[in-house]
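# A look at the structure
What follows is each chain in one-letter form.
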Amino acid sequence: MARTQASDHQLQRDEILERAAQAFASHSYPGTSMSLLAQACGTSKARLYHYYVSKEAILFDLLDRYTKVLIHLAETHIELTELIAAFLAEYEHSQTRHIALLNDVKFLEEPQRLLILDAQRNIVNLFALAIQRRFPQRTDAQNRSAITMLLFGMINWTFTWLKPQQEGDQMSYADFAVLVTRIFIHGMEGLPELPAAD
């Protein structure tokens, strides 16, 4: 008879993912072994293998869950101002996961890598749709991708420099969301309207 999972099985997997994200961010994915992960989780390698069959399985679960969170945010915050604020609020508490998403997708085997890349494309498309809804006369097929990636360029690397908890850095993620929104929206309003389609 198959062994039943402990009631805290999911909780323990969540804790493993949290510690793994921290380890990958600190030591890089290639520089993090299962032994190091087990040590970071305060457990044995054998126990870690009880939850995940490999380091890659941990990375995939980490990225799969994180992209699903981001997709959910983009699907439930369809107004552009709310979307920017929601993503930066998430980024504030998911810095190590975001580092893994930006740096470590390439280490997954192709089937899993393609799933995460598809999820990333979905997120980008949801942002593009939000921009299109806000500025229908200023976006088209030719500039849509560039404008969308310009916005991501403003928010995606905040973990490298925006550290409100450090003394002297007074801007919060919420304040930064307002700043990004104002700059982006004023910039978009400065673009000429596109000619109406015939």
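Residues numbered from 1 in each chain as written. Predicted model: local features only at pLDDT ≥ 70, side-chain atom pairs only at ≥ 80, totals over all residues. Heavy atoms only, no water.

With that out of the way, let us pick up helix α2 (residues 34-41). It helps to recall that an α-helix has 3.6 residues per turn; residues three or four apart then point in one direction. Among the residues of α2, those classed as buried are M34, L37, A38 and C41. Projected down its long axis, α2 carries its buried residues within an arc of 100 degrees, all on one side. In the stretch just after α2, G42 is the one whose phi turns positive, near 70 degrees. (Buried < 20%, exposed > 50% of the residue type's maximum accessible area, 1.4 Å probe, protein only. Helix = DSSP H or I, 4+ residues; strand = E, 2+ residues; numbered from the N terminus. Arc of directions from axis to C-beta.)

Although it is not a glycine, S28 sits at a positive phi angle of roughly 75 degrees. For S28, the location among the structural elements is in the loop between α1 (9-27) and α2.

Before going further, it helps to examine the environment of W157. Inspection of the secondary structure assignment puts W157 in the loop between α8 (144-155) and α9 (173-189). Between the C-alpha atom of W157 and that of H98, which follows or precedes it by 59 residues, the distance is 8.9 Å.

Our focus in this paragraph is the packing of aromatic side chains. What characterises a pair of aromatic rings is the spacing of the ring centres plus the angle enclosed by the ring planes. In this structure the tally under the stated criterion is 7 aromatic pairs. Between F87 and Y91, the ring centres sit 5.8 Å apart and the planes meet at 75 degrees, which makes this aromatic pair edge-to-face. Taken as a pair, F87 and Y91 lie in helix α5 (residues 80-93) at a separation of 4 residues, close to a single helical turn. Summarising the aromatic geometry, the rings of F127 and F152 are spaced 4.5 Å apart at their centres and angled 45 degrees between planes, so their arrangement reads as tilted. Note that F127 is positioned in helix α7 (residues 110-134) and F152 in helix α8, a separation of 25 residues in sequence. Both residues of the pair, F127 and F152, count as buried. Between R13 and the ring centre of Y52, over which it is positioned, the NZ or CZ distance is 4.2 Å. The side chain of K55 reaches across the aromatic face of Y29, ending 4.2 Å from its centre. (Phe/Tyr/Trp six-rings, centres within 6.5 Å; stacked < 30°, edge-to-face > 60°. Lys NZ or Arg CZ within 6 Å of the ring centre and 35° of its normal.)

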